[in-house]
2 protein chains.
Amino acid sequence: MSVTLASLNDQIVTLQDRIKQLKVAKQDASQEVAAMKVLKEQQKVLEKEQEPGTSHSFNLKTPKGTLDHKPEAALLRRKIFNTLESIFLKHDASTIDTPVFELREILAGKYGEDSKLIYDLADQGGELCSLRYDLTVPFARYVAMNGLSSIRRYHIGKVYRRDQPVMTKGRMREFYQCDFDIAGACDPMVFDAEVLRVLCEALTALDIGDYTVKLNHRKILDGIFELAGVPADKTRIISSAVDKLDKLSWADVKKEMIVEKGLNEAVADKIGQYVGLKGSGPELLLKLKSDEKLMAIPIAKQGLDDMEILFRYLSVYEVLDKMSFDMSLARGLDYYTGIIYEAIHAASAPPSLNTVPVVPPPSSDLSFILPAESKHSKSTTTNEDGIDESIVGVGSIAAGGRYDNLVGMFSESTGKKGEQVPCVGVSVGVERVYSIMEMRRRKGEEKIRGKETEVFVLGLGGIELEKRMQFATMLWNAGIKTSFSPKVNPKATAQWKQVDDDSIPFVVILAPKELAAGSVRIKEQVGKDAAGDAKGEEVKIENILAYLKEKLNRP
Amino acid sequence: MSVTLASLNDQIVTLQDRIKQLKVAKQDASQEVAAMKVLKEQQKVLEKEQEPGTSHSFNLKTPKGTLDHKPEAALLRRKIFNTLESIFLKHDASTIDTPVFELREILAGKYGEDSKLIYDLADQGGELCSLRYDLTVPFARYVAMNGLSSIRRYHIGKVYRRDQPVMTKGRMREFYQCDFDIAGACDPMVFDAEVLRVLCEALTALDIGDYTVKLNHRKILDGIFELAGVPADKTRIISSAVDKLDKLSWADVKKEMIVEKGLNEAVADKIGQYVGLKGSGPELLLKLKSDEKLMAIPIAKQGLDDMEILFRYLSVYEVLDKMSFDMSLARGLDYYTGIIYEAIHAASAPPSLNTVPVVPPPSSDLSFILPAESKHSKSTTTNEDGIDESIVGVGSIAAGGRYDNLVGMFSESTGKKGEQVPCVGVSVGVERVYSIMEMRRRKGEEKIRGKETEVFVLGLGGIELEKRMQFATMLWNAGIKTSFSPKVNPKATAQWKQVDDDSIPFVVILAPKELAAGSVRIKEQVGKDAAGDAKGEEVKIENILAYLKEKLNRP
């Protein structure tokens, strides 16, 4: 545009002088230095452009690990979001919308070694900021900052992780998260049960096929570790090892516990007796409650008492049959303090998860072995949208749990002496839901549309543009989604092609003869028989709106 | 964290000195003054924190120039977006969703001197990226990258500008844009007219009061400059000067043209004869078309011919009466090549824009003077959400125009030899629309809600939690937005308080006596008479859904 290399060079010289002055005067020149960097980069770009013989060409792409959601994909995501929102709103939730970047110190110390994946903004003078890594930490910051004692909120937004992108696995650097959380005190398990009800309503409403919710309780796990004799300082790393049971065999996990984590083999074996247990909630609960040694551990008893209440509420909420009480579920994140869960898309889950949950016979020595390769190992070819069937096989489509201490990490700083606000929530894996829906639609007959246009106004026999505009206006005024050719004299074939390309279901055909008689023809496009048969039904002009509204199921 | 009171005080002293220097040197110190304000606020916070007895804390805030949209604000924005989306979808549009950051070279050279406001991501190895500055450049990149020859797209998303934030004016560093653009060839003015129709439909649907769309054509302006004798290399800067006529008087603009831009006074006067003209489209068009000298300039004639077609189409589209053909509208951005427009919220527009547009008597020497201070100069107190009445006075709520050369800047690099894809579009100022709606709601009686919950299930006389859960489940199953107390034994007053706090319109009251008789009471909450009168209507349990659906207008 207006920037020339000469003017740029002038600016650089001026700025250099100013920086010198500021430095001599011992004043802050950081803004100027940052501005200088920008100018020098522009200079490089311009110089490259102006090299003789090379027509300038830059990389026309999106940054690594990101992609454009094209119309079909964007519209499908919009539908997913609308479905989820309607469920959340049904459950008394509101939404908040936090900035895409946070002060760097807000995110610091929240993600352990994954902190290295955080995107930083450049230091251009002023505060140091980073792109959000998830929606949970900004939520906790919001609750603490506003001194809230309770809130139910959902938040759908993009998060950022400077991970090695694996497009074939759907692992991107920019992706949507969709979280529903309830913060605040309640009588035991009331909110926990509702979050699970919300999760089940959401997955049912998304209509992606059958699913199971694996469920466990951190306190029960901790009780088991205590019973088995895991040293207190090893609880978390052993818990992480258990969490790998959906990917590794027990033999491998046991080996990791002994060799890598330095656990005594007898202790590992004792853990193994429990973490293989899974089954329907009330049944497994009964079994565990009859285990006197386990019930003698106070924290385990607390967890089991919680589960008893939870199962009662889940039964009232009509979702108990969706649950699988599964002692191998441990969830990686440190901050969970109560129940934890993970929803598995049954139809596409790994084989081991497809089998009906069975409670092992009482007091049997558990010699179960999970399949060494439980994940689908399909080819990893990916299509143009970066969707790959193999990612669907991963199974997990939502996860969450109770985290009672996170808000306290922030409220400490407000002088409220670290007031805790207990929380429980769930995050729906929108990208996976999207992949499942997208694949189903591809397999089906239905053409995937990127727009919702309902009617095309088509002119035959030299009907003028303004006449078509006039009919379109009438339809728009009635709320009907309408398009027509932008040409003054469009050919019939070009118009029919537009109808076909956009899969528009209805065509209002204007032709001189019918118009003279005060009517048009309206044709419903079923299948692809477009251009050939252009008959349709004759409708009086004054009846067009009523006719179309009925066809379109409008009030 | 790293900010100490001492270092802050140092910075303040340094900045004070600098402001003094700048003022002595008669240079612009506004940025420094703004920075000072921020520092002083930080100072206050730190001082308060460090009062003896308070523990250490970090800054619990959002980054400068950003804010959290709280539930009420987020829900209202969501409604605005839904309204706009429904209009765009009615006009055959699809949406795309591009990454929030782009390769830095994509943004380079697109924003002139505003490039310094671009947020860069830190160089953490890999590509250099920046946060998007608007949605238009990513759109042009998308069109070129995918080799599209046509697309109608809308995009609602946040953009980022490292500007000096003025919360009181609603100028933020993170804010929403909402763009609708049509790319692709059409017969003259067909898409231009539709974009204006879409704009009018959108503003009408938002129901924010009356508005006017100021309309002009770059080619007419260029023709006037040619006629007046503006040197070709000064066209753009003179155009920028003209654009200030909504803020400055003609006398001031003229002075700028002569003194700063070095224009001959006679040339400026000639311009002045034209740029004050405004009025209804066809009327002013007739006047200009009868101006033989102007019509002799080919580019001016082209522009006027365009306008003639446009007004015809706008009349068919039933929006011509919303237009004000205004020769003072120039629009700052360089990339416009055809019609340009700006929608003014009439009820809150500056006084000069509230007056009915009048075409000056033919060939009168234009001695019009726009008010020197046309912007409202209300107090700039701001409320907690950063909304200030004075920003509403600014008037402009949407703007756009035709830009035929932007896509070509990108498609050059794809080896397609810079194929041009002509575009026309509009950007709705969501934040301003939001402020107007928010203020209207505050003035009105209606309580602003952050959730949509419709029914509260309230238990009296020791009704157990599971019974309330059971009724809630029935309502959820029927799609009714429902809440209840999460306590096992809630007090009646606490339950009524929740109803009141959340302004929930219906209460289903469970009490032992009625339940035993197979019924409940349903109370409609009108006004604030909640806790006092808890009667309501008695409804049989099997009729609850039908009763509520009728009350809620559900099918």
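A quick note: this is a predicted structure, and the numbers were derived from the prediction, not measured.

Caption draft 1: Main features of the overall build of chain A. Across its full length, chain A holds 21 helices and 16 strands. Within the span of chain A, comprising 555 residues, buried residues form 55% of the whole. Contacts in chain A between residues at least 24 apart in sequence constitute 70% of all its contacts with a sequence separation of at least 6. Per element, the accessible surface of chain A, about 23,700 Å² overall, is 52% carbon and sulfur.

Caption draft 2: Region of interest: the packing of helix α18 (residues 465–477) of chain A against helix α6 (residues 190–206) of chain B. Remark: α18 of chain A packs on α6 of chain B, axes separated minimally by 13 Å, with the N-to-C direction vectors making an angle of 20°. Classified by the angle their axes make, α18 of chain A and α6 of chain B are roughly parallel. Crossing geometry of α18 of chain A relative to α6 of chain B is assigned as right-handed. In this structure, α18 of chain A uses Leu465, Met469, Thr473, Trp476 and Asn477 of chain A to contact α6 of chain B, whose residues at the interface are Val190, Glu194, Arg197 and Glu201 of chain B.

Caption draft 3: Representation of the nonpolar core within the structure. Ranked by internal contacts, the top residues of the largest apolar core, which has 90 residues, are Leu196 and Tyr341 of chain A together with Leu548 of chain B. Take this core: its biggest share by element is 11 residues, from helix α6 (residues 190–206) of chain A. Those residues in contact with Leu196 of chain A that sit more than four places away from it in its chain are Val213, Leu215, Leu310, Leu314, Met323, Ile339 and Tyr341 of chain A.

Caption draft 4: Geometry of the interface of chain B and chain A. Between chain B and chain A, the contact holds 108 residues from the first and 106 residues from the second. Surface buried jointly by chain B and chain A totals about 9,600 Å² across both partners, of which 56% is contributed by carbon and sulfur atoms. In this structure, the connection of chain B to chain A is made through 12 salt bridges. Here Glu466 of chain B makes a salt bridge to Arg312 of chain A, at a shortest N to O gap of 3.2 Å. Seen at the junction of chain B and chain A, the total is 46 residue pairs in polar contact (both at pLDDT 80 or more). When residues of the side of chain B that touches chain A are assigned to their parent elements, the largest contribution, seven residues, is made by helix α18 (residues 465–477) of chain B.

Caption draft 5: Just helix α5 (residues 136–145) of chain A, in detail. All names here are of chain A. Among the 10 residues that make up α5, nine are buried, leaving the element largely enclosed by the rest of the structure. Listing the buried residues of α5 in full gives Thr136, Val137, Pro138, Phe139, Ala140, Arg141, Tyr142, Val143 and Ala144. Directly beyond the C-terminal end of α5, a positive phi value near 55° is found at Gly147.

Caption draft 6: Expanded view of the packing of aromatic side chains. Inspection of every chain in the model, using the stated rule, returns 22 aromatic pairs over all chains. For the pair Tyr160 of chain A and Phe101 of chain B, a centre-to-centre distance of 5.9 Å together with 50° between the ring planes defines the contact as tilted. With Tyr160 of chain A in strand β4 (residues 151–160) and Phe101 of chain B in strand β2 (residues 101–103), the pair connects residues from two separate chains. Judged by its relative accessible area of 1%, Tyr160 of chain A falls in the buried class. Its relative accessible area of 0% is what places Phe101 of chain B among the buried residues.

Basis of the calculations
Residues numbered from 1 in each chain as written. Chains lettered and ligands numbered in written order. Predicted model: local features only at pLDDT ≥ 70, side-chain atom pairs only at ≥ 80, totals over all residues. Heavy atoms only, no water. Helix = DSSP H or I, 4+ residues; strand = E, 2+ residues; numbered from the N terminus. Buried < 20%, exposed > 50% of the residue type's maximum accessible area, 1.4 Å probe, protein only. Contact = heavy atoms within 4.5 Å. Areas by Shrake-Rupley, 256 points an atom, 1.4 Å probe, with all protein chains shown as cover. Axes fitted to C-alpha atoms, helices over the stretch in contact; angles between N-to-C directions. Parallel < 35°, antiparallel > 145°, perpendicular 65-115°, else oblique. Left-handed = near helix turned anticlockwise from the far one by under 90°. Core = buried A, V, L, I, M, F, W, Y, C linked by side-chain atoms within 4.5 Å. Buried area = accessible area lost by both parts, 1.4 Å probe. Salt bridge = Lys/Arg side-chain N within 4 Å of Asp/Glu carboxyl O. Polar contact = N/O pair within 3.5 Å; in protein donor to acceptor, adjacent residues only side chain to side chain. Phe/Tyr/Trp six-rings, centres within 6.5 Å; stacked < 30°, edge-to-face > 60°.

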